[in-house]
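# Summary of the model geometry
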Amino acid sequence: GGIEAVVSAMRRHEHVSGVQEQACAALMSLAYRNNANQITITEEGGIKAIVSAMRRNEESVGVQEQACWALKNLACNNCNQTAIAKAGGIEAVVTAMRQHKGLVGVQEKACAVLRNMTTSNSNANRIAIAEAGGIDAVVSVMQRHAGSADLQELACEVLDDLTDGYSDYGNRVAVQSILGLA
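This text gives an overview of the structure that appears in the document.

What counts and what doesn't
Residues numbered from 1 in each chain as written. Predicted model: local features only at pLDDT ≥ 70, side-chain atom pairs only at ≥ 80, totals over all residues. Heavy atoms only, no water. Helix = DSSP H or I, 4+ residues; strand = E, 2+ residues; numbered from the N terminus. Expected span 1.5 Å × (residues − 1). Buried < 20%, exposed > 50% of the residue type's maximum accessible area, 1.4 Å probe, protein only. Contact = heavy atoms within 4.5 Å. Axes fitted to C-alpha atoms, helices over the stretch in contact; angles between N-to-C directions. Parallel < 35°, antiparallel > 145°, perpendicular 65-115°, else oblique. Left-handed = near helix turned anticlockwise from the far one by under 90°. Nonpolar A, V, L, I, M, F, W, Y, C, P; charged D, E, K, R; others polar. Core = buried A, V, L, I, M, F, W, Y, C linked by side-chain atoms within 4.5 Å. Lys, Arg positive; Asp, Glu negative; His and termini not counted. Salt bridge = Lys/Arg side-chain N within 4 Å of Asp/Glu carboxyl O.

## Considering helix 5 (residues 61-74)
- With 14 residues, helix 5 extends 20 Å from end C-alpha to end C-alpha; this agrees with the ideal 20 Å at 1.5 Å per step.
- In terms of burial, helix 5 is largely enclosed, as 11 of its 14 residues are buried.
- Burial in helix 5 covers these residues: G62, V63, Q64, Q66, A67, C68, A70, L71, K72, N73 and L74.
- Tucked inside the fold, the buried residues of helix 5 contact helix 2 (17-31), helix 3 (35-43), helix 4 (46-56), helix 6 (78-86), helix 7 (89-99) and helix 8 (104-116).

Now the structure itself:
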């Protein structure tokens, strides 16, 4: 069906940023609050295609923003969180944050992905985010975009989710150290 066609177009035109951007937007829409589509997108290779698009189009703001938005929606499904991590999605999201530091839209979508990646109580994802430099990236967002209340709130949620109530003492120490609290 439609999901298979979108993922196929991403593979066929992997170096065309316009195709990648619009395909990520389509997958984002298809995944929004639709668990069946979230699963189908993963089964059809959509997560791998999105992460690949992010890697091949690091300079494209549109691809990075739409890809993060798609991953955010896909990460609402706990099984997809594992698939995103295995595909290198955490690293791709942190790279997008570093590459597009000044762009609130990319930062908001990227923070939302990281937040959603921690909702399954997965210490593995929390550790992967920390190891990928996600904590530093989130703190940098807060410093750079101090005037954006929405982004500040989202970034605080990410930091809270990375540390609150979980046994991974290392993540808590890392966040405290970066914030100058340790």
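## Observations concerning the packing of helix 8 against helix 11 (residues 149-163)
- Where helix 8 contacts helix 11, the axes come no closer than 9 Å and their chain directions differ by 25°. On the basis of the axis angle, helix 8 is roughly parallel to helix 11. Handedness of the crossing formed by helix 8 with helix 11: left-handed. The segment helix 8 lies against helix 11, with V104, Q107, E108, C111, A112, L114 and R115 engaging D150, L151, L154, A155, E157, V158 and D161.
- In terms of residue class, the contact of helix 8 with helix 11 is made up of 8 nonpolar, 1 polar and 5 charged.

## A word on the nonpolar core
- The biggest cluster of nonpolar side chains holds 53 residues, and the ones touching the most others in it are M10, L27, I50, M54, V93, M97 and V138.
- For L27, the contacting residues outside a window of four places in its chain are I3, V6, V7, M10, I41, G46, I50 and A70.

## Some thoughts on the side chain of K72
- As for its position among the elements, K72 is in helix 5.
- It turns out K72 is buried and unbridged, and the closest side chain with the opposite charge, E157, is 10 Å from it.
- Not counting the four nearest positions on each side in its chain, K72 is found in contact with A112, V113, R115 and N116.

## As for unusual backbone geometry
- Positive phi, normally seen in glycine, also occurs at R33, with a value near 50°.
- Of note, R33 is situated in the loop between helix 2 and helix 3.
- With relative accessibility at 73%, the residue R33 sits in the exposed group.

## Side note on the pattern of salt bridges
- Within the structure shown, the criterion is met by 3 salt bridges.
- E14 is the partner of R56 in a salt bridge, and the nearest nitrogen-oxygen pair spans 3.4 Å. With R56 in helix 4 and E14 in the loop between helix 1 (2-12) and helix 2, this residue pair connects regions lying 42 residues apart in the sequence.
- Owing to a relative accessible area of 38%, R56 belongs among the partly exposed residues under this scheme.
- Classification of E14 as partly exposed rests on a relative accessible area of 28%.
- One salt bridge in this structure joins E65 and K109, with 3.2 Å as the shortest N-O distance. With E65 in helix 5 and K109 in helix 8, this residue pair connects regions lying 44 residues apart in the sequence.

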